Amino acid sequence: MLESNKQLRRWIIITLISLFIFGSLHHIDHIVRGNHIGWPIIPKTNAFTYSLMVYPLFALGLSALFRGRIWAAYWFAYGIATFFGIFIPHFVPPFIAEPIHDIYLPYLDPMATDTFALAPETHLAWFQKTFTPISGNILAVVAISVLISALTSAIMLVIVSLRVRKTQGHW
């Protein structure tokens with residue numbers, strides 16, 4: 001039983017690292033694109049601002065994990081909330097706040113979007129000087145891949161949490 005707990009703990013840590021990396025990259029992608037961002041990047045509170053709560057909640061759970069508690073219920077709830085926090089605003093009408101084209105379009109054609117929150121003219125000029133058509137295509141694919149990877153990592157966290165619950169016999 002002890003060995004399976006170590007193995008499950010390892011799987012939770014791997015899954016958490018994956019979720020942290022892809023979630024962070026998705027937030028960084030928002031900032032690079034300059035759209036659908038809020039405080040602390042610009043003085044506006046919105047969904048972006050609230051989505052940053054995943055980091056203190058992540059730290060709280062990680063703290064408990066490293067004190068010897070796997071805490072399956074916490075990571076299950078965290079995984080579910082993270083999944084729906086990413087899935088709903090991107091894929092579920094009528095709640096779509098950030099359509100998929102807002103993720104890749106700024107990289108493919110900066111002129112085609114008017115959603116820049118970071119000084120539109122300055123950010124647009126930066127995009128035009130920084131990204132070539134080839135790098136824009138690559139970054140568009142990377143941005144969508146990061147989103148899908150974050151969703152997959154959240155699903156994996158839910159699955160691993162269920163496995164921990166089954167092994168331990170309690171939440």
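Everything numeric here is computed off the predicted structure, so don't read it as measured data.

Conventions we followed
Residues numbered from 1 in each chain as written. Predicted model: local features only at pLDDT ≥ 70, side-chain atom pairs only at ≥ 80, totals over all residues. Heavy atoms only, no water. Axes fitted to C-alpha atoms, helices over the stretch in contact; angles between N-to-C directions. Helix = DSSP H or I, 4+ residues; strand = E, 2+ residues; numbered from the N terminus. Parallel < 35°, antiparallel > 145°, perpendicular 65-115°, else oblique. Left-handed = near helix turned anticlockwise from the far one by under 90°. Contact = heavy atoms within 4.5 Å. Nonpolar A, V, L, I, M, F, W, Y, C, P; charged D, E, K, R; others polar. Polar contact = N/O pair within 3.5 Å; in protein donor to acceptor, adjacent residues only side chain to side chain. Expected span 1.5 Å × (residues − 1). Buried < 20%, exposed > 50% of the residue type's maximum accessible area, 1.4 Å probe, protein only. Arc of directions from axis to C-beta. Phe/Tyr/Trp six-rings, centres within 6.5 Å; stacked < 30°, edge-to-face > 60°. pLDDT = per-residue confidence, 0-100.

S.K.: Sorry if this is basic, but what is going on with the packing of helix α3 (residues 54–66) against helix α4 (residues 72–91) here?
M.R.: To describe two helices that pack against each other, one gives the angle between their axes and the distance between the axes. Closest axis-to-axis distance for the α3/α4 pair is 10 Å, and the angle between their directions is 160°. Classed by the angle they form, the pair α3 and α4 counts as roughly antiparallel. Where α3 crosses over α4, the handedness of that crossing is left-handed. In this structure, α3 contributes Val 54, Leu 57, Phe 58, Leu 60, Gly 61, Leu 62 and Leu 65 to the contact, and α4 contributes Tyr 74, Trp 75 and Tyr 78. When the residues that make up the contact of α3 with α4 are grouped by side-chain class, the tally is nine nonpolar, one polar and no charged.

S.K.: I tried to follow the side chain of Asn 46 on my own but got confused; where do I start?
M.R.: With respect to the element layout, Asn 46 can be found in the loop between α1 (2–33) and α2 (47–51). Only 2.8 Å separates the side chain of Asn 46 from the backbone oxygen of Ile 37, close enough to count as a polar contact. In this view, Asn 46 contacts Ile 37 and Gly 38; residues no more than four positions away in its chain are not counted.

S.K.: When you look at the packing of helix α5 (residues 101–108) against helix α7 (residues 133–168) in this model, what are you seeing that I'm missing?
M.R.: Where α5 meets α7, the closest approach of the two axes is 7 Å, and the angle between their N-to-C directions is 165°. It follows that α5 is roughly antiparallel to α7 by the angle criterion. Where α5 crosses over α7, the two elements pack in a sense that is right-handed. Side by side, α5 and α7 meet where Ile 103, Tyr 104, Tyr 107 and Leu 108 of the first sit next to Gly 136, Asn 137, Leu 139, Ala 140, Ala 143, Ile 144 and Leu 147 of the second.

S.K.: Is there a simple way to explain α7 in this structure?
M.R.: Three or four residues apart is the spacing at which side chains of an α-helix point the same way, because the helix has 3.6 residues per turn. With 36 residues, α7 should reach 52 Å at 1.5 Å per residue; the first-to-last C-alpha distance of 52 Å fits that figure. Immediately beyond the C-terminal end of α7, within one or two residues, lies Gly 169, with a positive phi of roughly 80°.

S.K.: Would you explain α5 in this entry?
M.R.: Those residues of α5 that fall on the buried side of the exposure criterion are Asp 102, Ile 103, Pro 106 and Tyr 107. Buried residues of α5, viewed axially, fall in a sector of 135°; they line one side.

S.K.: Honestly, the packing of aromatic side chains in this entry has me stumped. Any pointers?
M.R.: Two numbers describe a pair of aromatic rings. These are the distance of the centres and the angle of the planes. As enumerated under the stated definition, the model contains twelve aromatic pairs in all. For the pair Trp 75 and Tyr 78, a centre-to-centre distance of 5.4 Å together with 80° between the ring planes defines the contact as edge-to-face. With a gap of three residues between them, Trp 75 and Tyr 78 both fall in helix α4, about one helical turn apart. Side by side, Trp 75 and Tyr 78 carry an identical accessibility label, which is buried. Both rings, one in Phe 83 and one in Phe 87, keep their centres 5.2 Å apart while their planes meet at 15°; by these two values the pair is stacked.

S.K.: Is there a simple way to explain the confidence of the model for the protein chain in this structure?
M.R.: Detailed reading of the predicted coordinates is not advisable wherever pLDDT is low. Per-residue pLDDT for the protein chain averages 88, and the proportion of residues at 70 or more is 91%. Ranking the elements of the protein chain by mean pLDDT puts helix α6 (residues 120–130) last with 72 and α4 first with 95.

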